[in-house]
Amino acid sequence: MVDSASLQFVSPFAFEAMQKVDVARLAALSDPELRLLLPCLVRMALCAPADQSNAWAQDKKLILRLLSGVEAVNSIVALLSVDFHALEQDARKEQQLRHKAGGSNSESILVSQLQHGLTLEFEHSDPLRRLRLALSELLAIMNKVTDSNGEFFLKSSELFESPVYLEEVADVLCILQAELPSLLPIIEVAEALLHVRNGEWFLCLLVANVPDSFSEVCRGLIKNGERQDEESVGGRRRTEALRQLCQMNPSQALNIRAMVVEECHLPGLGVALTLDYKPDMADEAVSPLVSYVSGLLLGTNGKVRTWFSMFIRNGQQRKRESSSVLWQMRRQLLLELVAILPRSRSTHVPNDTDMDSESSSGYSGLREEHVVKASALLRLYCALMGIAGLRPTDEEAEQLLQLMTSRPPATPAGVRFVSLSFCKLLAFPTLVSTPEQEQLMVMWLSWMIKEEEYFESAARVSASFGEMLLLVAMYFHSNQLSAIIELVCSTLGMKIAIKPSSLSKMKTIFTQEIFTEQVVTAHAVRVAVTNNLSANITGFLPIHCIYQLLRSRAFTKHKVSIKDWIFRQLCETNTPLHTQLLPLIDVYINSILTPASKTNPEATNQPITEQEILNVFQGLGGGDGGKARSQYTITTQLLILYYILSYEEALLANTKTLALMQKKPKSYSPALMDQIPIKHLICQAQGLQQELGGLHSALLRLLATNYPHLCMVEDWISEEEVTGTLPLLRKMLLTSSSCKYSQTQLREAFQNVLSGGPRLLRILEHLTLLSAGDLIPYAEALTASMGLLLEDGVSRRILQTVNKLWMVLNTVMPRKLWVMTVNALQPLVKLLRQQRYTQNDLMVDPLIVLRCDSRVFRCPPLMDITLHMLNGYLLASKAYLNAHLKETAEFERQAQTVSNLGLGGQPDTPEVTREELKNALLAAQDSAAVQILLEVCLPPPQEELLLGGGGGADSLLRSVQSAPGVPMRKQVGHTGAGKGAQEEREAEGGLLSDLREVQCLICCLLHQMFIADPNIAKLVHFQGYPQALLPLTVAGIPSMHICLDFIPELLAQPQLEKQIFAIQLLSHLCTQYALPKSLSVARLAISVMGTLLTVLTRAKRFAFFMPTLPCLVSFCKAFPPLFDDVMSLLIQVGQVSAADVTTKTRDIDPLIARLQYLGQKPREIPLSESKYSLRKRSEEELGRADPDVQLCYQIEATFMDIISSSTQAL
């Protein structure tokens, strides 16, 4: 028996020579080294090679020359002369025999009865018997390994333990494995060798003679290894064997370590290989051991982290052993830690004079080249203690505290080291156990506070440890210990279980000795803002501290103004947007509106002033028409916009609370909002969504709530057209040589629109190539001249181009553009008075938009613009009234409560009344707009009659016109022969007329309004409108089918006019929408008509049935099953009408009889004769004044129309 440590292993030099078959290196080996490689070299020299090149032939000669002087070669040659095929057959027979006998060694085919011990038999045997002896012993061990089910055992074998024959046994083993690879797989042989003494030595020789199997053997040993190798003898032997293999082939050590991590087996081996690893170029920053262990514990693989943590925990439970890999690792880490300490330090605390003198002499100064390594060691110890549960020894704790309280140079790495040290103190306060150590820590914290500004300026970093100190102090004051734990984990970059109770000592030190709350607040305001704050600047910044102080209301509590700091920080922002900015604005707004306590309602922060806000947007051209030339970044402008919108929303949301406190914060004026280019900024934010994070979506939410007229769907669609591919291609056409036109030239061209149309068109076409932002300076000239386009003879192409330019401008400056356009399209009388509307006027009364020049109603391009503005201002008016109601309701209610303190029992109804009044006003506003637009759709004859006849007093269209004398564009009134000619052209044009185009535009808008609020459709139809418009509305408004829901309610109204309108509307709906619902409503209408027949007087009967009887034709045409019900109704109406005509009984009675006959046999009547006689009699009889006679003839005409339509259908 011999210790494997005293044996000679294959050197890395020899193994590399074998791997590369470098004959020159092999020749340089000593005889003992060469002896270990003889089995492979002899086989290489004797076996027929696959390589037949001259180079190999020469190398082979050198190998033979090398082997010629070695005596042991002869014995190996003798081993190779054996019949291995017969040997393999005998071995397999023995395996089968052992398998049948259950592993008993009673019989052996390979080896007969031994006369002496195994060693003596081996010594006296010939080569064949030596092979059989070794093979029998090896197979026995392999079988036992297979049957052991993973339990380790150490097989005592004389053959593998005798020091005299180890080399010869190794030769036999290598020859056997090489010649019988199928019987002896090298991985199984390697497993078996772990169970014998000197197994690692045999294994290294075996792999050295088969160098290509190195990775395969290592992977097999690792895969079959234990999860925790230090726990068992087998694990330690496996680790030692693999460690010897890697020492033999050090270039593969890191790959083997990677296999260990991949399989999560043998953690001690990974550490041992790292300890053995000697890199070619040493990294002075971080050692391999620190990198490896840090990667395992701080990596993203939780399985690996748990596996290695278990290795640390289990290793601590055993007694300290010098041979333990864990203690070797800890000792090495401690040596590295001590090596970078400034100098040997003690816990002696010098006095102030000592501090000054020692600071000048570099006391505790950490060298700059050691800072990164010190930071890595701190993080590693944090991971070992916090994740793996390492319990530091007194020596380790002492040295760690010395390192943490070191004072690094003022570099970014030094700032990082101080932050890590501070967080480690918070995470593991048990490191400070004695009063001397506690005083040392306080002194170091005081040094941090004193040197923070110097470090930030010298290191040129925006995030220094001063902000972290301030933030932790604020957390301690507000008792947010969980936030401190989260901060520590975030800084250290790992999740550590920290008990809040362990922070009690640190809390006392911070809140009573270092940072009082007043000191924290006063210090925070003096902290400089972060220049060009963006998401690229990481770490803990002043903004984090201010945010926490605002949340805890420390500024208002101690009456410290923070408004200027926040405004300066908002002005010092850039993209990508820092994630803390939006929460900062939100909590700042809350501190403005909500007092810190009910007892002191004045304890609030001050809002940003209007002048400061205007300065941010100065140079944007005023209002939505601005083009950004401001000194502030787009990020600052968007943040200020977010602040204003959020402030106004929060002000409305907190109205009730503010009213109870009798506090009414000032809202920002509408004039300020008019100066902010909201839509232009939103368009810019849309292209920066990735850089702005959630700011763009937050702004859209605020806009949808407060400015719905800036979020219309059609606007977003038109913006896609403006920013799409086609405009980009057209932009490419705008060459540098293109002529530039000024605003003055555009105005002059508009003045000469009739004579100089081509020049104006050329300018307008050039403007279409400009982007929306470049078009802004021309907005005023373009809108101011719109009234000139209403004259005769203006080219349609000019009108369409102006419409197109207006829509482009609408994407960047809608509000200002709308006001300018409304003022430009006023009637001539108002223009002469120079009456100008403001944004507020138009939101209060959106119908001002329709008080324009009446010629606009027959100019489709300008009518399109007008409808767009009308829709926008209707939405704006709703938002304005909602905001006004919320803003004033609570304060008025509070005032009323105070004034009625002595009056009990009064109903609490003012809010309900105000809400109802607001809804009624909005409904009246919307319905009035719809009614006016419907009147615009009337064809010229009816329109002229309506405006000039008796119906003029009831016309909403006339009521909103300020200049009734101005004719509708070429179609209303009499202004000469040209107008008559145009009327004739439009009459001939049919669907191509301006009227038809205007009708289509209006129907599109009404469809949107009805879909958005079906109650508008219900209200308008309960009010009613001219029957002549029903074919247009039913066919042109796709959402008219919703009227089927409320027609039964309309039929139940007591007014006869509403019932007539309902039946006429239903007749058109049945034709357009032949649905089951329409059929049921039609049956109801017929039933109602039958009921009314029995209750109406003679005059009302005539007034009701004369307009409704033709509707029965549509019912029957849409739904033939109604024919019988309609026939029955017509006969009943005819009978009632005939009974009232006493003077014409002979004339009417035959008519009734014929109607009954027609109802029974409709196909036997020649239609042509009936119609002819009907027309003839109607011309003679309808001239008379008797209503019943007229009604009878109407019944007959309805009969014939129904029969005619049904016959044509067949």
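Please read these numbers as outputs of a predicted model, since none were measured by experiment. (Residues numbered from 1 in each chain as written. Predicted model: local features only at pLDDT ≥ 70, side-chain atom pairs only at ≥ 80, totals over all residues. Heavy atoms only, no water.)

Description of the overall build of the protein
Step number 1: Helix and strand counts for the protein stand at 67 helices and zero strands.
Step number 2: When burial is assessed residue by residue, the protein has 52% of its 1210 residues classed as buried.
Step number 3: Sequence separation of at least 24 residues holds for 74% of the intrachain contacts in the protein that already meet a minimum separation of 6. (Helix = DSSP H or I, 4+ residues; strand = E, 2+ residues; numbered from the N terminus. Buried < 20%, exposed > 50% of the residue type's maximum accessible area, 1.4 Å probe, protein only. Contact = heavy atoms within 4.5 Å.)

Considerations on the nonpolar core
Step number 1: Of all hydrophobic cores here, the largest spans 244 residues; its most connected members are Leu245 and Tyr643.
Step number 2: Contact partners of leucine 245, with chain neighbours within four places excluded, come to Leu203, Cys204, Val207, Phe214, Val217, Cys218 and Leu221.
Step number 3: If you look at the next biggest cluster of nonpolar residues, it comprises 134 residues, including Ala876, Phe1061, Val1126 and Met1127. (Core = buried A, V, L, I, M, F, W, Y, C linked by side-chain atoms within 4.5 Å.)

Section: the packing of aromatic side chains
Step number 1: What the rule picks out here adds up to 13 aromatic pairs.
Step number 2: Where tryptophan 307 meets phenylalanine 308, the ring centres are 6.3 Å apart and the plane angle is 65 degrees; that geometry is what we call edge-to-face. An identical accessibility class is assigned to tryptophan 307 and phenylalanine 308; each is buried.
Step number 3: Each residue in the set Tyr588, Tyr643, Tyr647 and Tyr668 is aromatic and connected to the rest through ring pairs, giving one cluster. (Phe/Tyr/Trp six-rings, centres within 6.5 Å; stacked < 30°, edge-to-face > 60°.)

Quick word on the packing of helix H35 (residues 634-653) against helix H38 (residues 678-686)
Step number 1: Running from N to C, H35 and H38 cross one another at 125 degrees; their axes reach a closest spacing of 10 Å. Here H35 is positioned oblique relative to H38, judged by the angle of their axes. Regarding H35 and H38, the two cross each other, and that crossing is left-handed. Seen from H35, the contacting residues are Ile634, Gln637, Leu638 and Leu641; seen from H38, they are Ile678, Leu681, Ile682, Gln684 and Ala685.
Step number 2: Looking at the contact of H35 with H38, its residues break down into seven nonpolar, two polar and no charged. (Axes fitted to C-alpha atoms, helices over the stretch in contact; angles between N-to-C directions. Parallel < 35°, antiparallel > 145°, perpendicular 65-115°, else oblique. Left-handed = near helix turned anticlockwise from the far one by under 90°. Nonpolar A, V, L, I, M, F, W, Y, C, P; charged D, E, K, R; others polar.)

So, helix H15 (residues 233-248)
Step number 1: Its 16 residues place the ends of H15 23 Å apart at the C-alpha level, agreeing with the 22 Å of an ideal helix rising 1.5 Å per residue.
Step number 2: H15 sits mainly inside the fold: 12 of its 16 residues count as buried.
Step number 3: Among the residues making up H15, those that are buried are Gly234, Gly235, Arg237, Arg238, Thr239, Ala241, Leu242, Arg243, Gln244, Leu245, Cys246 and Met248. (Expected span 1.5 Å × (residues − 1).)

Honestly, that's just the spatial picture; any functional story needs more than this.
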